Amino acid sequence: YLMGLFYWDKLSPEALEKALEYFNSAIEKDPEWAPAYSGIAQVWLGMAQMGFAAPETAGPIIFENLSKALELDPEDASSHYTQAVIAVWVEWNWEKGEEEFLTAIELNPNDPMPRIYYAHLLTIMLRNEEAIAQGQKAIELDPLNPLVHGLIAVVLSSAGQWEKALEH
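About the cut-offs
- Residues numbered from 1 in each chain as written.
- Predicted model: local features only at pLDDT ≥ 70, side-chain atom pairs only at ≥ 80, totals over all residues.
- Heavy atoms only, no water.
- Helix = DSSP H or I, 4+ residues; strand = E, 2+ residues; numbered from the N terminus.
- Expected span 1.5 Å × (residues − 1).
- Buried < 20%, exposed > 50% of the residue type's maximum accessible area, 1.4 Å probe, protein only.
- Arc of directions from axis to C-beta.
- Contact = heavy atoms within 4.5 Å.
- Core = buried A, V, L, I, M, F, W, Y, C linked by side-chain atoms within 4.5 Å.
- Polar contact = N/O pair within 3.5 Å; in protein donor to acceptor, adjacent residues only side chain to side chain.
- Axes fitted to C-alpha atoms, helices over the stretch in contact; angles between N-to-C directions.
- Parallel < 35°, antiparallel > 145°, perpendicular 65-115°, else oblique.
- Left-handed = near helix turned anticlockwise from the far one by under 90°.
- Nonpolar A, V, L, I, M, F, W, Y, C, P; charged D, E, K, R; others polar.

Break down helix H2 (residues 13-29) for me, citing the residues and quoting the values.
In a regular helix each residue adds 1.5 Å, so 17 residues correspond to 24 Å; H2 covers 25 Å between its end C-alpha atoms and thus fits that length. Of the residues making up H2, those classed as buried are Ala15, Leu16, Ala19, Leu20, Phe23, Ala26 and Ile27. The buried residues of H2 all sit within an arc of 145° when viewed along its axis, so they share a single face. Structural note: H2 exposes Glu14, Glu28 and Lys29 on the side pointing more than 90 degrees away from its buried face. For H2, the elements touching its buried residues are helix H1 (2-8) and helix H3 (34-49).

As structure tokens, this is what we get:
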């Protein structure tokens, strides 16, 4: 599972295929563990978003795995994070997205990814102070993650904080 997360972060087509292999391996070892299914849903969502897979191919796989994850564990933070991303950037349902981000953060306050993407939603909603606070917390949680730094730079620049954005 951890190797799946490692490859998922690399975002290349080859790395995403490798991430799927590792998440499927985790399911073979423990078919009742929700995060592995959520990992598969996230990878397919990313592949569709980046144009590596057609939405009509990825969609059913995303929802099948996300449903399975939530069936196994309704309080799986990664599943709520995935639902938030879908709500915001696929369904354009910002209210549902915010609810799901807050649920994911409540269930796992130490995961920087729901926080940094929630910061982007807050930026969209012109709630810049809240967005910056969530982004800064994400940086505190994962200070060496280049994706988190890039995403907070967008949040800061949207708030007009150009110098701070350049630091990231």
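Which residues make up the nonpolar core, and what values go with them?
Val43, Trp44, Met47, Ile62, Phe101 and Ile116 are the most contacted members of the largest nonpolar core, which has 47 residues in total. Broken down by element, this core gets its largest block of residues, 9 residues, from H3. Look past the residues within four positions of Val43 in its chain and what remains in contact with it is Trp8, Leu16, Ala19, Leu20 and Phe23.

Could you give an account of the side chain of Arg115, with specific residues and numbers?
Relative to the assigned elements, Arg115 resides in helix H7 (residues 112-124). Within the local environment of Arg115, its side chain forms a polar contact with the backbone oxygen of Pro109, the two atoms lying 3.2 Å apart. Within the structure, Arg115 has its side chain in polar contact with the side chain of Gln134 (distance 3.0 Å). The contacts of Arg115, once residues within four sequence positions are left out, are Ile105, Pro109, Gln134, Lys137, Ala138 and Leu141.

I'd like to hear about the packing of H3 against helix H5 (residues 77-89), residue by residue, with values.
Axis separation between H3 and H5 bottoms out at 9 Å; the angle between their running directions is 25°. Here H3 is positioned roughly parallel relative to H5, judged by the angle of their axes. The two elements H3 and H5 cross, and the hand of that crossing is left-handed. Contacts between H3 and H5 involve Pro35, Ser38, Ala41, Gln42 and Leu45 from the first element and Ser78, Ser79, Tyr81, Thr82, Val85 and Ile86 from the second. By residue class, the composition of the contact of H3 with H5 is 6 nonpolar, 5 polar and no charged.

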